[in-house]
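Residue-level structure breakdown
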Amino acid sequence: MTATARARLARWPSSSVDGRRRDDGKRSSARERWVTRAPTRVRAATRRSWTFDDARKTATTPDGARVAYVSRPDVKFLYDEIFGRGCYDGDAGGSSAGGSVIDVGANIGLASVRFASLVGESGRVIALEPVPAMFDALARNCASMCGAAAAARGTVELRGVREGSVAVGGGAKGSGCGVVYAHNVGVGSTRGEFTIDFFPRAAGWSTSSKTRDDEETIENVIEYAFEALKPNDDGYDGLEQNAVTSVGRFVRAFVLDPERAASAGFFRRVASVVAGFILRIVVRCVAAYMLTGVERITRPIVTVSDVIDAHGLDSVTMLKVDVERAELDVLAGVSESHWPRIHRVNLECHDTSGSLDRVLDLLRRRAGFDDVRVDRLFGGARLYNVAARRSS
């Protein structure tokens, strides 16, 4: 961990106290409620509105937990995806007590927090995030949501990387969470260095410079917006409630879905086409703006096998990969001898130039997974969730 990350982590409170009381009459912290509720989704009836502190780069979630973020548009999307919709629950559900999860592309650490609650105090999560600002937020979030890391946990050194990792949260008795180790590195097919294009306005879209594809990103955002702006009763649409999204919902209401357009009248279909065109142009402009101000960063890169060896993992409950078009490179960094140790894989795959077929072929033929599921994430986006497991 960098000196900056350690300094900020020291200033970040381990919990925040509100007026709720536990059964023993004492006040309960937001972190305690987060860990208690982690295995279940937050019910819509009990949700409160989000609040944001842009000066401190923190958000308060509907259930009272505070989340450090890098770019504001990311935080509600990640929370709704991971805790609201439980996107990893089905695959990480096999993360029994004492399990180990490798989180590649950990972003601000919300998925790592979720995994830590699943593996329990005797388990561990290894989070890998190369962008320093996001790594800093990850360390803060793991400390605040999983509790201070157990004092006995030490530094783990990765071969070929000067900076080792430290436990940034969890593992302590009563925390309800496994220990989270964090490495400020990227993951690929070989060790070395690589450059990252970091988008301060949309940190979650940051990617390796060689796999950057702004047009694909913008098209995926448009497809996501058309899906998310539909009426949604559960509220987990990933969008912050503000004037822009309110206008977007109003315009989206005029856009007919294909099954409705078939039976609509002429003027209704024309209104739908016009509304769709306007919405597409607006979303494209917003997405293009979020991709401005890019910063190029050089960071160390390691392989998944380096992580397995450094942490002495005989078994990996799940390997999660979310690296913006570099997923094949990550999978290529798993040695033949290590694949049998990995029981599940959950990854986001951008289907550019046939990459989805190559990912599926690698998982089935080289890795030996016999149960591989593919789901399109939203609309017509070339973006898929791939979940692989061994039926045995």
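Residues numbered from 1 in each chain as written. Predicted model: local features only at pLDDT ≥ 70, side-chain atom pairs only at ≥ 80, totals over all residues. Heavy atoms only, no water.

1. Here's the deal with the confidence of the model for the chain
When the pLDDT values of the chain are averaged, the result is 85; 84% of them are 70 or greater. Counted against residues more than four places away or in other chains, residues 1-47, with its pLDDT under 50, gives 92 contacts. (pLDDT = per-residue confidence, 0-100. Contact = heavy atoms within 4.5 Å.)

2. What to know about the packing of helix 3 (residues 72-84) against helix 5 (residues 110-119)
What describes two packed helices is the angle between their axes and the distance between those same axes. Close contact between helix 3 and helix 5 brings their axes to 9 Å; oriented N to C, the two are set at 25°. In terms of orientation, helix 3 and helix 5 fall into the roughly parallel class. For helix 3 against helix 5, the interelement crossing comes out right-handed. Here Val75, Leu78, Tyr79, Ile82 and Phe83 of helix 3 come into contact with helix 5, specifically with Leu110, Ala111, Val113 and Arg114. Looking at the contact of helix 3 with helix 5, its residues break down into 8 nonpolar, no polar and 1 charged. (Axes fitted to C-alpha atoms, helices over the stretch in contact; angles between N-to-C directions. Helix = DSSP H or I, 4+ residues; strand = E, 2+ residues; numbered from the N terminus. Parallel < 35°, antiparallel > 145°, perpendicular 65-115°, else oblique. Left-handed = near helix turned anticlockwise from the far one by under 90°. Nonpolar A, V, L, I, M, F, W, Y, C, P; charged D, E, K, R; others polar.)

3. With respect to the sheet that holds strand 5 (residues 66-68)
Taken in spatial order, the 3 strands make up an open sheet running 3-4-5, and their pairing is antiparallel. Pairing within the sheet leaves two strands with one partner each, and these edge strands are strand 3 (51-53) and strand 5. Pairwise comparison of adjacent strand axes, ignoring direction, gives a mean angle of 20° for this sheet. Here 3 bridges tie strand 4 (residues 58-60) to strand 5, and the two strands are oriented antiparallel to one another. Looking across to strand 5, one finds that Ala59 is bridged to Val67. (Pairing = 2+ DSSP bridges.)

4. Side note on a nonpolar patch on the surface
On the surface, a nonpolar cluster with roughly 880 Å² of combined accessible area is contributed by Phe266, Phe267, Val270, Val274, Phe277, Ile278, Ile281, Val282 and Val286. Looking at the element boundaries, Val282 is found in helix 10 (residues 266-290). (Patch = residues over 30% accessible without salt bridge, like charges linked within 9 Å, V, L, I, M, F, W, Y side chains within 5 Å. Areas by Shrake-Rupley, 256 points an atom, 1.4 Å probe, with all protein chains shown as cover. Salt bridge = Lys/Arg side-chain N within 4 Å of Asp/Glu carboxyl O.)

5. Some remarks on the packing of aromatic side chains
In the structure shown here, the tally under the stated rule is 10 aromatic pairs. Members of the aromatic cluster, joined through ring pairs, are Trp50, Phe52, Tyr69, Tyr79 and Phe83. One cation-aromatic arrangement involves Arg390 over Phe369; the distance from NZ or CZ to the ring centre is 4.0 Å. (Phe/Tyr/Trp six-rings, centres within 6.5 Å; stacked < 30°, edge-to-face > 60°. Lys NZ or Arg CZ within 6 Å of the ring centre and 35° of its normal.)

6. What about the sheet that holds strand 12 (residues 207-208)?
In spatial order, the strands read 10-13-11-12; together these 4 strands make up an open sheet with mixed pairing. Two strands bound the open sheet, and with one partner strand each, they are strand 10 (186-187) and strand 12. Note that strand 11 (residues 192-198) and strand 12 share 2 bridges and pair antiparallel. Each bridged residue has a counterpart across the sheet, and for Asp197 the counterpart in strand 12 is Thr207.

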